[in-house]
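Observations on the three-dimensional arrangement
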Amino acid sequence: MAEPELDVAVIGAGFAGMYMLHRLRGLGFRARVFEAGSGVGGTWYWNRYPGARCDIESVQYSYQFDEALQQEWVWSERHATQPEILGYAEHVAERFDLYADIQFDTRIEGLELNAAGTGWTLETEDGACFTARFCVMATGCLSVPNWPALPGLENFAGPVLHTARWPHGAQDFTGRRVAVIGTGSSGIQTIPLVAEQADRLTVFQRTANYTIPARNAPLDPEKVRALKARYKEFRAEAKQTGPGIHAVFRPASVLEASEDEVFERFEERWRDGGLIFMGAFGDLMLTQEGNDKAAGFVRDKIRAIVDDAETAERLCPRNIIGAKRLCVDTDYYATYNRDNVQLVDLRAEPIERVGESSIRTGADDYPADVVIIATGFDAMTGALTNVDIRGRDGVRLAELWDEGPSSYLGLAMNGFPNLFTVTGPGSPSVFTNMIPTIEQHVDWIADCLVHARDHRHGRIEATGDAEQAWWAHVQEVGRVGLKATVDSWYVGANVEGKARVFLPYLGGFPEYCRKCEEVVARDYEGFAFG
Ligand code: NA7
């Protein structure tokens with residue numbers, strides 16, 4: 001059999017693929033990254049809509065593998081904008097000379113396991129083929145756009161812009177009538193900015209969402225200096241929390257606190273802003289009664305901010321707060337006080353048809369020159385099932401996962417030897433601070449590859465038993481509390497026809513790391529080598 005061209009092929013040049021490449025090269029592996037886009041950054045390359053920002057604080061949403069990098073890079077704001085995060089990714093690519101081994105504008109369409117089960121053939125969209133001993137899918141959790149089935153959308157005369165595939169270059173909405181469909185994080189971030197420009201903005205909301213003020217602001221250089229003086233310790237402390245985020249998570253029970261205290265604590269968190277709102281009490285996600293207190297607090301805020309009582313009620317979510325990912329915004333609710341903004345409740349009047357220059361619901365016809373689709377992603381599995389991955393005996397991953405995915409640690413799948421996933425389903429990924437979690441996964445994969453090389457193993461594969469046991473554990477932990485009770489992308493419920501399965505691991509970052517370390521200590525327990 002011919003020698004494969006590469007030791008390791010990495011798919012995707014987001015934060016996972018970039019760091020994977022850096023590690024692999026440092027270890028002497030022949031590695032190349034294949035990237036569909038024309039630049040690095042992954043989700044931050046594609047999601048260029050106005051208002052796009054990270055909901056994790058910039059000083060935490062960044063790499064820590066290189067002390068000089070984290071000391072020298074200067075973030076300007078508490079929550080970094082998409083252009084700043086993209087600039088950071090580009091800086092890292094240049095700083096570590098990653099561009100030399102990234103092949104851009106190359107979409108991998110298929111992966112085929114060789115007959116011996118010891119390597120993969122990669123097929124690109126253009127029909128080119130590459131061979132590699134190992135493949136690492138660094139394809140991201142939020143990278144495949146979810147397009148809504150809207151009858152007539154193809155006949156709309158103006159631009160149709162998906163937040164997750166935003167065109168390069170500024171879009172000018174001045175004098176235009178804009179429709180936004182979807183009120184998740186992307187919609188909530190972009191709506192206030194589009195409203196400032198557009199002549200008219202009509203927001204089509206299917207489910208009202210909870211959002212907390214970001215309280216974004218320039219970073220205080222003094223505070224940053226103090227943080228950088230102990231960055232390593234700060235990072236280590238962050239890793240001890242469930243989400244891997246440095247913040248105060250109060251363990252106290254909301255059910256045992258007095259009404260005054262409950263109000264005080266929520267008020268404090270609302271004032272401070274950000275995702276950490278849910279850290280006000282330790283049991284907000286455990287009981288309906290406790291959760292109602294947080295939900296009720298936010299609903300009262302919405303009613304206080306939004307002038308029109310009917311609009312305020314439409315904006316008030318009725319489901320569990322924190323079951324879907326909490327949103328973080330700047331002036332979202334207040335935007336509905338503008339004369340040029342209108343909210344349409346799709347539960348009361350579903351979209352019937354998109355016309356050439358309007359959107360028709362059961363109740364009215366709303367004129368539009370531009371449609372912004374903010375309907376999210378085929379999260380966590382979409383980027384894996386979108387590649388035609390054919391494992392042992394020609395089994396297709398997409399077919400195997402038809403009833404829902406399964407994975408060992410979110411890192412590897414039985415039947416697909418020598419294939420790793422970074423933050424795959426069954427990893428803590430989206431419940432944690434993604435970049436540090438990516439670093440943990442990449443380091444684990446790098447160590448595993450070195451182990452295989454040192455022991456002259458040509459094949460590494462998760463065993464079926466280990467995968468089943470881990471997946472059962474992921475499902476069991478996912479059922480704890482209220483998270484799984486709501487339709488969300490965490491359970492695959494946002495994509496029509498997708499199996500409803502709990503996708504990320506809810507057991508927390510420390511517990512996950514402990515398990516990964518234990519696997520290694522037990523000589524890669526749950527993996528078969530050949
Ligand atoms: P999300 O959070 O999945 O939000 C998508 C929004 O689009 C949400 O309001 C959906 O309503 C709505 N949606 C989806 N399909 C439709 C159709 N067919 N018609 C009308 N409305 C629809 O995606 P985002 O991009 O905002 O954010 C994803 C993550 O990125 C976010 O959680 C952060 O982690 C960053 P629904 O609630 O399903 O009724």
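This text gives an overview of the structure that appears in the document.

Conventions we followed
- Residues numbered from 1 in each chain as written.
- Predicted model: local features only at pLDDT ≥ 70, side-chain atom pairs only at ≥ 80, totals over all residues.
- Heavy atoms only, no water.
- Helix = DSSP H or I, 4+ residues; strand = E, 2+ residues; numbered from the N terminus.
- Rg over C-alpha atoms; globule rule 2.2 N^0.38 Å.
- Buried < 20%, exposed > 50% of the residue type's maximum accessible area, 1.4 Å probe, protein only.
- Contact = heavy atoms within 4.5 Å.
- Areas by Shrake-Rupley, 256 points an atom, 1.4 Å probe, with all protein chains shown as cover.
- Core = buried A, V, L, I, M, F, W, Y, C linked by side-chain atoms within 4.5 Å.
- 1 Å grid on protein atoms, 1.4 Å probe; cavity = no way out; pocket = protein on both sides within 12 Å on 5 of 7 lines; lining within 4 Å.
- Points joined across faces, edges and corners; volume = space filled by probe spheres on them.
- Pairing = 2+ DSSP bridges.
- Phe/Tyr/Trp six-rings, centres within 6.5 Å; stacked < 30°, edge-to-face > 60°.
- Lys NZ or Arg CZ within 6 Å of the ring centre and 35° of its normal.
- Axes fitted to C-alpha atoms, helices over the stretch in contact; angles between N-to-C directions.
- Near = heavy atom within 4 Å.
- Polar contact = N/O pair within 3.5 Å; in protein donor to acceptor, adjacent residues only side chain to side chain.
- Nonpolar A, V, L, I, M, F, W, Y, C, P; charged D, E, K, R; others polar.
- Salt bridge = Lys/Arg side-chain N within 4 Å of Asp/Glu carboxyl O.

Counting its regular elements, the protein chain contains 16 helices and 20 strands. Computed over C-alpha atoms, the radius of gyration of the protein chain comes to 23 Å, within 12% of the 24 Å expected from 2.2 N^0.38 for 530 residues, which places it in the range of a compact globule. Projected onto the principal axes, the alpha-carbon positions of the protein chain cover approximately 70 × 55 × 45 Å. When the 530 residues of the protein chain are sorted by exposure, 57% land in the buried category. At a minimum sequence separation of 6, the contacts of the protein chain that also span at least 24 residues come to 72%. Only carbon and sulfur atoms are counted for the fraction: they give 48% of the accessible area of the protein chain, which is about 21,500 Å².

The next subject is the nonpolar core. Ranked by internal contacts, the top residues of the largest apolar core, which has 81 residues, are Phe15 and Trp444. Ranked by residue count, the leading element in this core is helix α14 (residues 434-454), at 11 residues. Not counting residues up to four positions away in its chain, the partners in contact with Phe15 are Trp44, Tyr61, Tyr63, Ile85, Tyr88, Ala89, Ile435 and Ile438.

Enumeration over the complete set of coordinates arrives at 5 cavities of 30 Å³ or more. Of the pockets and cavities examined, the largest cavity occupies roughly 60 Å³. As for the largest cavity, its lining consists of Gln60, Gln64, Phe234, Arg235, Ala238, Lys239, Gly244, Asn433, Pro436, Thr437 and Phe509. Elements represented by at least two residues in the lining of the largest cavity include exactly α7 (231-238) and α14. Ranked by the residues each element gives to the lining of the largest cavity, the list is headed by α7, at 3 residues.

Within strand β12 (residues 341-345), 4 of the 5 residues are buried, which leaves the element mostly enclosed by the surrounding structure. By the bridge criterion, 5 bridges tie strand β9 (residues 200-205) to β12 in an arrangement that is parallel. What sits directly across from Phe204, in β12, is Val344.

The next point concerns the packing of aromatic side chains. Going through the model one piece at a time under the given rule, you end up with 36 aromatic pairs. Residues Trp444 and Phe527 carry aromatic rings whose centres are separated by 5.5 Å and whose planes lie at 35 degrees to one another, so their mutual orientation is tilted. In this pair, Trp444 sits in helix α14 while Phe527 sits in strand β20 (residues 527-529), placing the two residues 83 residues apart along the sequence. Judged by relative accessible area, Phe527 falls into the buried class, the value being 8%. Every member of this aromatic cluster is reached through a ring pair, and the members are Phe15, Tyr19, Trp44, Tyr61, Tyr63, Phe65, Trp73, Trp75, Tyr88 and Phe96. Its end group placed over the ring of Trp46, Arg165 keeps NZ or CZ at 4.2 Å from the ring centre. Taking NZ or CZ as reference, Arg453 lies 4.2 Å from the ring centre of Phe29, over its face.

With that settled, consider the sheet that holds strand β14 (residues 358-361). The strand order across the open sheet formed by 3 strands is β13-β14-β15, and the pairing between neighbours is antiparallel. Each edge of the open sheet is held by one strand with a lone partner, namely β13 (351-354) and β15 (365-367). Averaged over neighbouring strand pairs, the angle between their axes works out to 20 degrees when direction is ignored. Across 3 bridges, β14 lies against β15 in antiparallel orientation. The residue of β15 that forms the bridge with Ser358 is Pro367.

Attention shifts here to the site of the ligand. Around the ligand, the surrounding shell holds 19 residues, and the nearest of these are Ser186, Arg206, Thr207, Lys324 and Arg325. Between the ligand and Thr183 there is a distance of 2.9 Å, counted from an oxygen atom to a backbone nitrogen or oxygen. At a separation of 2.6 Å, an oxygen atom of the ligand approaches a polar side-chain atom of Ser186. Starting from 770 Å² of accessible surface for the ligand in isolation, the protein chains cover 85%. Considering only residue class, the shell around the ligand consists of 7 nonpolar, 8 polar and 4 charged.

Take the pairing of strand β16 (residues 370-373) next. Two faces make up the sheet, and in a regular strand the side chains alternate between them. Both faces of β16 are covered, namely the face carrying Val370 and Ile372 and the face carrying Val371 and Ile373. For strand β7 (residues 160-162) and β16, the ladder comprises 3 bridges, and the chain directions are parallel. Directly across from Leu161, in β16, lies its bridge partner Ile372. The pairing of strand β8 (residues 177-181) with β16 spans 4 bridges and is classified as parallel.

It is worth spelling out the sheet that holds β16 at this point. Pairing within the open sheet is parallel, and its 5 strands lie in the order β7-β16-β8-β9-β12. Looking at which strands have only one partner, the edges of the open sheet turn out to be β7 and β12. When the angles between neighbouring strand axes are averaged without regard to direction, this sheet yields 20 degrees. Where helix α5 (residues 185-197) meets the sheet, it contacts β8, β9, β12 and β16, and its direction lies at approximately 155 degrees from that of β9.

Take the pattern of salt bridges next. Scanning all chains against the criterion turns up 35 salt bridges. Across the pair Glu112 and Arg390 runs a salt bridge, and its minimum N-O distance is 3.8 Å. Remark: Arg390 occurs in strand β17 (residues 388-390) and Glu112 occurs in strand β4 (residues 108-113); sequence separation between them is 278 residues. By relative accessible area, Arg390 is classed as buried at 13%. Put simply, Glu261 and Arg250 hold a salt bridge, and the shortest N to O gap is 3.4 Å. You can see Glu261 sitting in helix α8 (residues 259-272) and its partner Arg250 sitting in the loop between α7 and α8, a full 11 residues away along the chain. Each member of the salt-bridge network shares a partner with another, and the members are Glu112, Glu123, Asp388, Arg390 and Arg396.

Let's shift gears to the side chain of Glu461. Structurally, Glu461 can be placed in strand β19 (residues 460-462). Using a relative accessible area of 5% as the deciding quantity, one classes Glu461 as buried. A distance of 2.7 Å separates the side chain of Glu461 from the backbone nitrogen of Gly415, its partner in a polar contact. Other than its neighbours up to four places away in sequence, Glu461 contacts Arg392, Met413, Asn414, Gly415, Phe416, Pro417, Gly526, Phe527 and Ala528.

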